[in-house]
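# Commentary on secondary and tertiary structure
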Amino acid sequence: MARRPDEEYDYLFKVVLIGDSGVGKSNLLSRFTRNEFCLESKSTIGVEFATRTLQVEGRTIKAQIWDTAGQERYRAITSAYYRGALGALLVYDVTKPTTFDNVSRWLKELRDHADSNIVIMLIGNKTDLKHLRAVATEDAQSFAEKEGLSFIETSALEATNVEKAFQTILGEIYRIISKKSLSSGEPAANIKEGQTLVVEAEDTNAKKPCCSS
Amino acid sequence: MENKRVDDHEIQTTVPVRVDRFGFVKHEQNPPEALMSSKSASEYEREERRIRKWRKMIGVGGSDWKHYVRRKPHVVKRRIRKGIPDCLRGLVWQLISGSRDLLLMNPGVYEQLVIYETSASELDIIRDISRTFPSHVFFQQRHGPGQRSLYNVLKAYSVFDRDVGYVQGMGFIAGLLLLYMSEEDAFWLLVALLKGAVHSPMEGLYLAGLPLVQQYLFQFDHLVKEQLPKLGEHFAQEMINPSMYASQWFITVFSYSFPFHLAIRIWDVFLYEGVKIVFKVGLALLKYCHDDLVKLPFEKLIHGLRNFPEDALNPDVLLPLAYSIKVSKSLEDLKQEYEKQTAKTVEGLVKQEKQQP
């Protein structure tokens, strides 16, 4: 099928947005894909979806982003969407310590359901609520370092760092993929135009069995 | 607090807010509404006659209802399918759902739940209150009567049934009910639905693992393949499955993102005939937009499945199409197939576990 010029891209990356309910996932997505912020936003039921095509490291990347309901019980539906995702944006609310405490539970979710080489970025959202901040930047920073995640703080409301957050994770994914295709001897451009990108495969089987009791 | 943000947007008492006939704030010209307001005199008369018929059928405070339903169930079904008059909707909903009986059998219970009990879900409920029907005047004012009753109903339910507790999506159902009845009435209607006073219980939509959502999605997926094979095949090719677009349809019975005037017409039928109508309306939407949908690639398809064109959402077009779709037999067969399948999976898991040291 012929693509129209505005739909051309070099890579298609699937990314999921996860984290506790009410931390601002849907507004981060709408800020990134439509430059909108909705004060009257409804809680997400199930999953939502949006895309945006942008330039990352000189390549045209199409980001296909799945936004998920945050409430624990919804994981029965949403965890299916982790499969095949190359990146995960794990969001907490800088004004609500419990949403930060739960980050490790979300990491376990990813380890259980996502591909083992998924790129994870920790995002502390709602920095515009300065007087209500309850999670220190340093705490999140050192947690992220310990867990090997990249980290950034954002405000979807003020559009602070939203673009940068997505740029960073897409860039990281891109670097991993291009390294991979180099080492496997395939030209990276082969991945072009695929519906989904096949970089998950080789070590999914090597995924560590989780240590659940 | 996050709610602080909502403050800025709270309904201003000084500036009159333009709302539609259901109380939703108008952001732009709403064409279906415009059509409604230009009703001719004869249409008003017809509406009046319809209300008189309904009043007669119900009797004073619902006294004649049961008798009438027993004598002429088909007349009742036909009239409900045409839409319950809005001024009688709240009462009729309580009569057909069986909630009125629950209320009368359990005096004082609701008050007890609201005032004396505490719920583990209180914070979860509060977090979502301002995110439920945020564009309706009744629910916009922070701590206003709308938000308070929504909180009370959800909290009471989370105590009444601690296995279900509170799950996102229940708020839209409670909210829709509260626009037509008191807190206590809305609570008992929620109980009637989830516990299955008249139809099969809905609680599985919200229990851990969301088992009924999974079953409904399985059934819907197969119904699409069965009844709209060409579209079913296209969905398979584009890797679209119903969890991407239809989980909200079931979890909130179309109250989450569909135009309100359509949602309440679906609810009329839903309360009288059961969940079948949700499948039928879902299929009708796909059928109505079939020729467009089969042409769309993945992303546009997802967009299309979340943004149906206005003419497809006209209740007088969509509902007759939905009524013409037969699903009962297939639903029953698919349910059994699903149960067999899940039983097998569970068996497999148990075996696997046994094999592991």
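Where an unreviewed UniProt entry is consulted, chain B appears under the name OLC1v1038681C1, with the organism given as Oldenlandia corymbosa var. corymbosa.

An unreviewed UniProt entry lists chain A under the name OLC1v1038868C1, with Oldenlandia corymbosa var. corymbosa given as the organism. Checking UniProt for chain A, the heading Sequence similarities (unreviewed entry) contains the comment "Belongs to the small GTPase superfamily. Rab family."

This part covers the overall build of chain B. For chain B, the count of helices and strands is 22 helices and zero strands. Classification of the 357 residues of chain B by burial places 52% in the buried group. Considering only contacts within chain B whose residues lie at least 6 apart along the sequence, 75% involve residues at least 24 apart. For chain B, the exposed area adds up to about 17400 Å²; of that, 54% sits on carbon and sulfur atoms.

This next bit is on the overall build of chain A. When its secondary structure is counted, chain A shows six helices and six strands. Mapped from its N terminus to its C terminus, chain A presents α and β elements in the order β-α-β-β-α-β-α-α-β-α-β-α. When the 213 residues of chain A are sorted by exposure, 54% land in the buried category. For chain A, long-range pairs separated by at least 24 residues make up 75% of all intrachain contacts whose partners lie at least 6 apart in sequence.

The next thing to look at is the packing of helix α11 (residues 145-160) of chain B against helix α13 (residues 183-195) of chain B. Residue and element names in this part refer to chain B. The contact between α11 and α13 brings their axes to 10 Å, and the two run at 40°. Comparing their axes, α13 and α11 come out oblique. Viewed along their axes, α11 and α13 form a crossing whose handedness is right-handed. Across from S149, N152, V153, A156, Y157 and F160 in α11, the residues of α13 making contact are E183, A186, F187, W188, L190, V191, L194 and K195. Of the residues that constitute the contact of α11 with α13, the class distribution is 10 nonpolar, two polar and two charged.

What follows is about the interface of chain B and chain A. Each partner contributes residues to the interface: chain B has 42 residues there, and chain A has 37 residues. The interface formed by chain B and chain A holds two salt bridges in total. A salt bridge links B:R306 to A:E48, with the shortest nitrogen-to-oxygen separation between them at 3.1 Å. For the side of chain B that touches chain A, the secondary structure elements donating two or more residues are α9 (122-129), α14 (211-227), α16 (247-251) and α20 (298-306) of chain B. Residue classes in the side of chain B that touches chain A are distributed as 17 nonpolar, 14 polar and 11 charged.

Moving on, we come to the pairing of strand β5 (residues 119-125) of chain A. All names here are of chain A. Burial within β5 is extensive, with seven of its seven residues counted as buried. Residues of β5 alternate between two faces, with V119, M121, I123 and N125 on one and I120, L122 and G124 on the opposite face, all of them buried. Relative to β5, strand β4 (residues 87-93) runs parallel, the two sharing seven bridges. Paired with D93 across the strands is N125, a residue of β5. Traced from β5 through helix α5 (residues 137-147) to strand β6 (residues 150-153), the parallel crossover comes out right-handed.

What follows covers the environment of B:L95. Residue and element names in this part refer to chain B. Assignment of secondary structure puts L95 in helix α6 (residues 89-97). Along the backbone, L95 and Y272 are 177 residues apart, and their C-alpha atoms lie at a distance of 9.4 Å. With residues up to four places along the chain from it excluded, the contact list for L95 reads I58, G62, W65 and R100.

Residue and element names in this part refer to chain A. Burial analysis of helix α1 (residues 25-34) places eight of its 10 residues in the buried class, the great majority of the element. The set of residues buried in α1 consists of K25, N27, L28, L29, S30, R31, F32 and T33. Phi for N35, located one or two positions after α1, is positive at around 50°.

Looking now at the environment of B:V92. All names here are of chain B. Mapped onto the fold, V92 is located in helix α6. The spatial distance from the C-alpha of V92 to the C-alpha of G62 is 8.0 Å, given a sequence separation of 30 residues. In this view, V92 contacts W54, I58, W65 and I84; residues no more than four positions away in its chain are not counted.

A separate point is the packing of aromatic side chains. Counted by the stated rule, this structure contains 41 aromatic pairs over all chains. Ring geometry for A:Y11 against A:F13: centres 5.6 Å apart, planes inclined by 40°, an arrangement best described as tilted. Residue classification places A:Y11 among the buried positions, given a relative accessible area of 1%. Here the aromatic rings of B:F187 and B:W188 are separated by 4.9 Å at their centres, their planes lie at 75°, and the arrangement is edge-to-face.

For the rest of this paragraph, the subject is the sheet that holds strand β2 (residues 47-56) of chain A. Strand pairs in the sheet, formed through backbone hydrogen bonds, run parallel or antiparallel to each other. All names here are of chain A. One open sheet accounts for six strands, arranged β2-β3-β1-β4-β5-β6; its pairing is mixed. One side of each edge strand has no neighbouring strand; the edge strands of this open sheet are β2 and β6. Within this sheet the neighbouring strands show an average axis-to-axis angle of 25°, counted without direction. Bridge analysis of β2 against strand β3 (residues 59-68) gives 10 bridges, and the strand direction is antiparallel. Looking at the pairing, L54 lines up with I61 of β3. Sheet strands in contact with α5 are β4, β5 and β6, and its direction is about 160° off that of β6.

One finds B:W93, B:Y245 and B:L286 to be the most contacted residues of the largest nonpolar core, which totals 148 residues. Here this core gets 10 residues from one element, more than from any other, and that element is helix α17 (residues 260-273) of chain B. Those residues in contact with B:W93, other than ones at most four positions away along the chain, are B:I84, B:L176, B:L177, B:Y180, B:M181, B:L189, B:I264, B:W267, B:D268 and B:L271. Core analysis: the second largest hydrophobic core is formed by 30 residues, A:Y11, A:M121, A:I169 and A:Y174 among them.

Cut-off values and rules
Residues numbered from 1 in each chain as written. Chains lettered and ligands numbered in written order. Predicted model: local features only at pLDDT ≥ 70, side-chain atom pairs only at ≥ 80, totals over all residues. Heavy atoms only, no water. UniProt positions renumbered as here; feature names shortened; annotations may be inferred. Helix = DSSP H or I, 4+ residues; strand = E, 2+ residues; numbered from the N terminus. Buried < 20%, exposed > 50% of the residue type's maximum accessible area, 1.4 Å probe, protein only. Contact = heavy atoms within 4.5 Å. Areas by Shrake-Rupley, 256 points an atom, 1.4 Å probe, with all protein chains shown as cover. Axes fitted to C-alpha atoms, helices over the stretch in contact; angles between N-to-C directions. Parallel < 35°, antiparallel > 145°, perpendicular 65-115°, else oblique. Left-handed = near helix turned anticlockwise from the far one by under 90°. Nonpolar A, V, L, I, M, F, W, Y, C, P; charged D, E, K, R; others polar. Salt bridge = Lys/Arg side-chain N within 4 Å of Asp/Glu carboxyl O. Pairing = 2+ DSSP bridges. Right-handed = clockwise from strand over helix to strand, strands pointing away. Phe/Tyr/Trp six-rings, centres within 6.5 Å; stacked < 30°, edge-to-face > 60°. Core = buried A, V, L, I, M, F, W, Y, C linked by side-chain atoms within 4.5 Å.

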